[in-house]
Amino acid sequence: MRYALLVLLSLVPGLAFAQAEALENPGTVSAVQDRLYRLNHELTLGVGALPADAFYKGYFAALGYTYHFSDSFAWQVGRGAYSYNVETSLRRQLERDFGVAPTANAFEDEVQWMVGSDVVWSPFYGKTAFLNRRVLHFEAFVLAGATVFKLNRDDGFRPAANIGVGLRLFTSQHISFRLDVTNNILFAGASRIVNVPTFQLATAFNFGATE
């Protein structure tokens with residue numbers, strides 16, 4: 001009996017500590033906050049660049065409309081861009097020193113304008129603190145679709161398949177900024193495929209959704 005009492009007394013401090021720890025840390029509770037901003041009808045106005053071609057660099061203005069079915073799935077119904085192209089020093093050197101005609105095959109791939117449509121999937125939404133003073137809300141997305149390019153040639157309409165990634169930064173329910181980086185696989189001819197990457201920064205105006 002004495003030994004049983006001694007064992008019980010030795011367990012009392014451990015039991016008390018376990019109860020105190022349980023009160024201070026009752027368990028792990030996982031919670032996912034609902035997103036603050038939702039999108040519905042989205043109108044985008046943007047500027048971008050076509051940086052990859054060795055003979056010219058394109059700088060374009062773009063307009064697009066996207067309908068959001070849910071927080072994660074949307075259809076960019078239509079987008080269009082017109083490119084202002086600047087010759088590179090390499091092209092000027094070829095024309096000046098070697099007499100290469102500007103209608104050569106490589107020069108004919110110069111993009112004049114483009115229109116297309118995409119499906120958009122946005123699996124990531126989050127928030128972070130900027131300098132511990134302001135909370136920034138953002139989302140990341142991927143997109144895939146089709147584009148029609150008008151090239152610098154007589155029969156210059158060419159189809160392309162595109163895939164890309166993007167990042168959106170929310171400033172309010174109705175205004176956000178988005179960065180789109182895409183690669184267009186352009187079917188320039190019967191046996192020629194050209195990659196046309198684009199970079200676009202746009203202001204997006206959201207209509208029809210509430211916080």
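The coordinates are above.
Just so it is clear, the structure is predicted and the values come from calculations on it, not from any experiment. (Residues numbered from 1 in each chain as written. Predicted model: local features only at pLDDT ≥ 70, side-chain atom pairs only at ≥ 80, totals over all residues. Heavy atoms only, no water.)

Counting residues in each nonpolar core, the largest one holds 12 residues, listed as L50, Y56, F60, A62, A81, V111, M114, F149, L151, A160, L186 and V196. Looking at this core, the elements with two or more residues in it are β2 (56–68), β4 (111–130) and β5 (134–151). Considering each element in turn, this core owes the most residues, three residues, to β2. Apart from residues lying up to four places away in sequence, F60 is in contact with G46, V47, G48, A49, L50, A81, Y82, S83, M114, T198, F199 and Q200. (Core = buried A, V, L, I, M, F, W, Y, C linked by side-chain atoms within 4.5 Å. Buried < 20%, exposed > 50% of the residue type's maximum accessible area, 1.4 Å probe, protein only. Helix = DSSP H or I, 4+ residues; strand = E, 2+ residues; numbered from the N terminus. Contact = heavy atoms within 4.5 Å.)

With respect to topology, eight strands assemble into a closed barrel ordered β1-β2-β3-β4-β5-β6-β7-β8, the strand pairing being antiparallel. In this sheet, adjacent strand axes meet at a mean angle of 25° when their direction is disregarded. The pairing of β5 with strand β6 (residues 157–170) spans 14 bridges and is classified as antiparallel. What sits directly across from G145, in β6, is N162. (Pairing = 2+ DSSP bridges. Axes fitted to C-alpha atoms, helices over the stretch in contact; angles between N-to-C directions.)

Quick look at the pairing of strand β1 (residues 41–50) now. For a regular strand, side-chain orientation follows a simple rule: the groups alternate between the two sheet faces. Bridge count for β1 against β2 is 10 bridges, and the pairing is antiparallel. Within the sheet, the bridge partner assigned to L50 lies in β2 and is G58. Taking the residues between adjacent antiparallel strands as the criterion, β1 and β2 are bridged by five residues. Alignment of β1 against strand β8 (residues 193–207), held across nine bridges, turns out to be antiparallel. Following the sheet pairing, E42 is matched in β8 by N206.

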